[in-house]
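# Secondary and tertiary structure notes
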Amino acid sequence: MRKLFYHFSFIGIILFITLQFTTLTIYAQLPLEPTREISFETDEGTWLSLDVSPNGKTIIFELLGDIYELPIEGGKAKLLISGMPFDSQPTYSPDGKKIAFISDRTGEDQLWIADTDGTNPSQISSVYELYASPAWSPDGKSIFVSAG
């Protein structure tokens with residue numbers, strides 16, 4: 001019997017894969033503890049999701065799994081949500097008081113909301129799907145998201 005054991009880390013999830021002939025089993029272990037810190041400075045990014053606030057004064061965006069806010073005229077970005085989870089695709093509510101975003105902080109992508117300063121995160125969805133592109137209804141009472 002041939003076994004192959006492979007261990008790797010990818011965006012906050014450690015997967016243990018055991019391959020035995022044609023059987024593939026994947027086990028996820030959460031929560032993870034960071035083992036090192038990497039810091040960097042940048043003045044540009046690619047493949048970003050962003051949204052402009054309803055009052056037109058700020059932009060919210062994600063970069064490498066963290067969510068930032070930036071004055072519309074430019075300047076220094078303010079870190080709103082960071083850590084081990086990969087948080088992405090932030091969007092402002094119509095009244096500008098909340099943001100919706102996708103996060104894997106539970107171990108799988110889910111829809112979350114938080115106050116616009118990043119505090120009070122709250123999980124909205126509970127079924128695993130490949131969520132993308134959250135969008136608020138005009139009255140702010142519903143959030144639409146692609147799942148598939």
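Scroll up for the structure.
Here's a quick rundown of the structure. (Residues numbered from 1 in each chain as written. Predicted model: local features only at pLDDT ≥ 70, side-chain atom pairs only at ≥ 80, totals over all residues. Heavy atoms only, no water.)

## Considerations on a nonpolar patch on the surface
Taken together, the side chains of Leu-48, Leu-50, Val-52 and Ile-72 define a hydrophobic patch exposed on the protein surface, amounting to about 320 Å² of accessible area. Structurally, Val-52 is set in strand S4 (residues 50-52). (Patch = residues over 30% accessible without salt bridge, like charges linked within 9 Å, V, L, I, M, F, W, Y side chains within 5 Å. Areas by Shrake-Rupley, 256 points an atom, 1.4 Å probe, with all protein chains shown as cover. Salt bridge = Lys/Arg side-chain N within 4 Å of Asp/Glu carboxyl O. Helix = DSSP H or I, 4+ residues; strand = E, 2+ residues; numbered from the N terminus.)

## With respect to the sheet that holds strand S10 (residues 110-115)
Pairing in this open sheet of four strands is antiparallel, and the strands run S8-S9-S10-S11 from one edge to the other. The two strands at the open ends of the sheet, each matched to only one other strand, are strand S8 (87-92) and strand S11 (122-123). Direction of pairing for S8 relative to strand S9 (residues 98-103): antiparallel, over a ladder of four bridges. Looking across to S9, one finds that Asp-87 is bridged to Ser-103. (Pairing = 2+ DSSP bridges.)

## Focus: the pattern of salt bridges
The tally for this structure, following the rule as stated, stands at two salt bridges. A salt bridge links Asp-87 to Arg-105; its shortest N-O distance comes to 3.0 Å. A residue pair is termed long-range when its members are at least 10 positions apart, and Asp-87 in strand S8 and Arg-105 in the loop between S9 and S10 qualify at 18 residues. A relative accessible area of 0% means that Asp-87 is categorised as buried. Relative accessible area serves as the criterion here: at 29%, Arg-105 is assigned to the partly exposed category. Notably, a salt bridge pairs Lys-98 with Asp-115, separated by 2.7 Å at the nearest N-O pair. Note that Lys-98 is positioned in strand S9 and Asp-115 in strand S10, a separation of 17 residues in sequence. Judged by its relative accessible area of 29%, Lys-98 is partly exposed. On the basis of relative accessibility, which here comes to 18%, the residue Asp-115 falls in the buried class. (Buried < 20%, exposed > 50% of the residue type's maximum accessible area, 1.4 Å probe, protein only.)

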